[in-house]
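Here's the letter readout for the chains.
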Amino acid sequence: MSFLDAAVNLDNTIFSQAELNLAREYLVDLIYRIDPYWLRKPVGYFSNYWLSDEPESVCRVIDFAFTLNRLEMSGLQAGSKAVFIKKVKALLRHIYKKEAFEEALTELEVGAILAQRAQPLLLEPYIIEPKADKAKPFIPASRARLVDLALLSPQGEALFIDVTVFRSESINLWTRAARNLAKLLFLTLASEELCRHIRVELPFPAPLELTGPEQDSPTVRAFLNAIVRQKQGSTGLPVASENQEISLEWQEHKFENSDQSDDRPTLSFTFPQGSLICYVKSDCFADFLEKTLKSIRNSLKVKREQFQLDSPLVLVIKIGNNLLTEKLLLKLIERRLWSNSRFNWLSGIVLFKPRSGFQLTDSAPALLLSSNPNARFPANRELLAYFY
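Within each chain, residue numbers correspond to sequence positions counted from 1 in written order. Reporting in this predicted model follows two pLDDT cut-offs: at least 70 for local features of residues, and 80 or more for side-chain atom pairs to be given and counted; totals over whole chains, interfaces and linings ignore these cut-offs and use all residues. Note that water and hydrogens are dropped before the side-chain values are worked out from all heavy atoms of the structure.

For the overall build of the protein chain, give the residues involved together with the corresponding values.
Numbered from the N terminus, helices here are DSSP runs of H or I no shorter than four residues, and strands are runs of E no shorter than two. Each helix and strand in the protein chain was counted, giving eleven helices and 13 strands. Viewed in the frame of its principal axes, the protein chain has a C-alpha envelope of about 80 × 55 × 35 Å. Two residues form a contact once any of their heavy atoms are found within 4.5 Å. A sequence separation of at least 24 residues applies to 69% of the contacts in the protein chain between residues at least 6 apart. Residue exposure ignores everything except the shown protein chains as possible cover, and the areas themselves are Shrake-Rupley values with a 1.4 Å probe. Total accessible area computed for the protein chain in this model is approximately 19500 Å², and 49% of it derives from carbon and sulfur atoms. Charged residues are defined here as Lys and Arg on the positive side and Asp and Glu on the negative side; His and the ends of the chain fall outside this count. The location of each charge is read from NZ of Lys, CZ of Arg, CG of Asp or CD of Glu. Side-chain charges of the protein chain comprise 47 positive and 46 negative groups, with the mean position of each set lying 6 Å from the other.

So, the sheet that holds strand E13 (residues 366–371): which residues are in play, and what are the values?
At least two bridges found by DSSP between two strands is the condition for calling them paired. What the six strands build is an open sheet, ordered E1-E4-E5-E11-E12-E13; its pairing is mixed. Each of the sheet's edge strands pairs with one partner strand only, and the pair in question is strand E1 (121–123) and E13. Neighbour-to-neighbour, the strand axes of this sheet turn through a mean angle of 25°, independent of strand direction. Where E1 and strand E4 (residues 149–152) come together, three bridges link them in antiparallel fashion. If you follow Leu 122 over to E4, its bridge partner there is Ala 150. To define axes, lines are fitted to C-alpha atoms, for helices over the stretch in contact only, and angles between the resulting N-to-C directions are given on a 0 to 180 degree scale.

Tell me about the packing of aromatic side chains, and name the residues and values.
Geometrically, a pair of aromatic rings is defined through the distance of the ring centres and the angle of the planes. Geometry of aromatic contacts follows a simple scheme: Phe, Tyr and Trp rings, the Trp one being its six-membered ring, pair when their centres are within 6.5 Å, and the pair is stacked under 30 degrees between planes, edge-to-face over 60, tilted otherwise. Counted under the stated rule, the structure contains 14 aromatic pairs. Each residue in the set Phe 3, Trp 38, Tyr 45, Phe 46, Tyr 49, Trp 50, Phe 64 and Phe 101 is aromatic and connected to the rest through ring pairs, giving one cluster. Our definition puts a charge over a ring when NZ of Lys or CZ of Arg is within 6 Å of the ring centre and also within 35 degrees of the ring normal. Taking the ring centre of Phe 3 as reference, the NZ or CZ of Arg 24 above it sits at 5.7 Å. In this structure, Arg 199 packs its charged tip against the face of Phe 255, placed 3.9 Å from the ring centre.

Outline the nonpolar core, supporting the account with residue identities and numerical values.
The biggest cluster of nonpolar side chains holds 64 residues, and the ones touching the most others in it are Trp 174, Leu 202, Leu 276 and Phe 288. By residue number, the principal contributor to this core is helix H7 (residues 169–192), which donates nine residues. By convention a nonpolar core is built from buried Ala, Val, Leu, Ile, Met, Phe, Trp, Tyr and Cys residues, the set being connected through side-chain atoms within 4.5 Å. Buried residues are those whose accessible area, probed at 1.4 Å on protein chains only, stays under 20% of the maximum for their type, while exposed residues exceed 50% and partly exposed ones sit between those limits. Judged by nonpolar contacts, the second largest core, of 60 residues, contains Leu 10, Phe 15, Val 83 and Val 110.

How would you explain unusual backbone geometry if you had to name every residue and give the values?
Residue Pro 120 follows Gln 119 across a cis peptide bond; omega there is 0°. Looking at where Pro 120 falls in the secondary structure, it is placed in the loop between helix H6 (98–117) and E1. Residue Pro 205 is reached from Phe 204 by a cis peptide bond, and omega for that bond is 0°. Within the secondary structure, Pro 205 is located in the loop between strand E6 (196–202) and helix H8 (218–229). With a phi angle near 70°, Asn 12 is a residue other than glycine that sits in the positive phi range. Relative accessible area serves as the criterion here: at 55%, Asn 12 is assigned to the exposed category. One non-glycine residue, Glu 124, adopts positive backbone phi at about 45°. As for its position among the elements, Glu 124 is in the loop between E1 and strand E2 (126–130).

Before we move on, could you go through helix H1 (residues 17–34) and cite the residues and values that matter?
One less than the number of residues in a helix, times 1.5 Å, gives the span that helix is expected to have. Counted at 1.5 Å a residue, the expected span for H1 with its 18 residues is 26 Å, and the 26 Å between its end C-alpha atoms agrees. Residues of H1 that are buried include every one of Leu 20, Ala 23, Arg 24, Tyr 26, Leu 27, Leu 30, Ile 31 and Ile 34, and no others.

Can you break down the confidence of the model for the protein chain residue by residue, with the values?
When pLDDT is averaged across the protein chain, the result is 88; 92% of the residues are at 70 or more. For every residue, the predictor assigns a confidence score, pLDDT, that lies between 0 and 100. Taken element by element, the protein chain is modelled with least confidence in strand E3 (residues 138–146), mean pLDDT 48, and with most confidence in helix H3 (residues 47–50), mean pLDDT 97. Within the model, the stretch residues 134–144 combines pLDDT values under 50 with 23 contacts to residues more than four positions away or in other chains.

Could you give an account of the sheet that holds strand E8 (residues 244–251), with specific residues and numbers?
Here five strands make up an open sheet; going across it, the order is E7-E8-E6-E10-E9 and the pairing mixed. Edge positions in the sheet fall to strand E7 (233–239) and strand E9 (266–271), since each of these pairs with one other strand and no more. In this sheet, neighbouring strand axes are inclined to one another by 15° on average, regardless of whether the strands run parallel or antiparallel. Of the pairings in the sheet, the one linking E6 to E8 comprises five bridges and is antiparallel in character. Directly across from His 197, in E8, lies its bridge partner Gln 251. In the packing of H7 onto the sheet, the strands contacted are E6, E9 and strand E10 (274–280), and the crossing angle to E9 comes to about 20°. Running at roughly 20° to E8, H8 makes contact with E6, E7 and E8 of the sheet.

Summarise H7; cite the residues concerned and give the values.
An ideal rise of 1.5 Å per residue puts 34 Å on 24 residues; H7 measures up with 34 Å between its terminal C-alpha atoms. Listing the buried residues of H7 in full gives Ile 171, Trp 174, Thr 175, Ala 177, Ala 178, Asn 180, Leu 181, Ala 182, Leu 184, Leu 185, Thr 188 and Leu 189. Buried positions along H7 lie against E6, H8, E9, E10 and helix H9 (285–306). Count one or two residues on from H7 and you reach Glu 193, which has phi positive near 55°.

The structure is reproduced here in structure tokens:
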């Protein structure tokens, strides 16, 4: 069974049966135009969603269809339509890894949002630079490197846009540690028929014994034994191999106030038998910020080597991990990046917040702009307004 014939219940989702039918019609027409053989034998990472009848996968394909439709039917510049076809074909047939699929899809999602707000939108335009002749202010300057997107003002001013997904290995490892604890906690509470609500402060970087596939570590055993033996309590669990400590607090009932007064990153998990909230430890928060900032700077260094461009450029960043919030990242950008002259080649950074899910209560996609007040090449304000 595939997306085309899945009998799926879309109640309590943002999509209706009519929208499912529209998505099916559009994708069949589009894929038949681009790569008809793919419909007979789906391949690539996208086929994992296409060949599933799970509601989550079906919703993802519907959302994918509407993303492509908005981009194709809205404000694409005429020369960009061939680029659109090329990108969709590559996404269907040539992308097999999750990370590569996410990066390609993110570019299309950002393009679809902008295509509804601004016309024309250019896909993979040639890098162009100012020309002295005012009658024709921009000319193609190089075919060596393309940017992802560009917007043009009525006066001919250009704003170049590059789209990327920000990832950090140290943040990914911390997230893995939190998820490992959540999985073990869920299994333990279910088998012991207990109800517990737990708050844990994990060091950063995460202890290695919590990030690997090995489940039977001394720290994990102590963690589970503590919450099973007593209905409530608090303790510190040493990680002897790394001279670290995990802070643990638990009780039978929900914590009345689980919100933080600071910006420390948090991951939350809910089970039938309780819940788990994992925080970055207070004394590790500064280290978390510095390592995150270093990762961002390294990413920007790579982008600068790619774009030796004396024109307005905005970088759109999707955060590839739920631990790093848009609010925290915006603070880092505005307080630690824009004051540094090494980044004055950037006109601004836009954080792309994708749809959080497909339930009625889930948040819609959003773009969050931080303009560089010290940019060497400030962007046209009318063009920047499309990011609000």
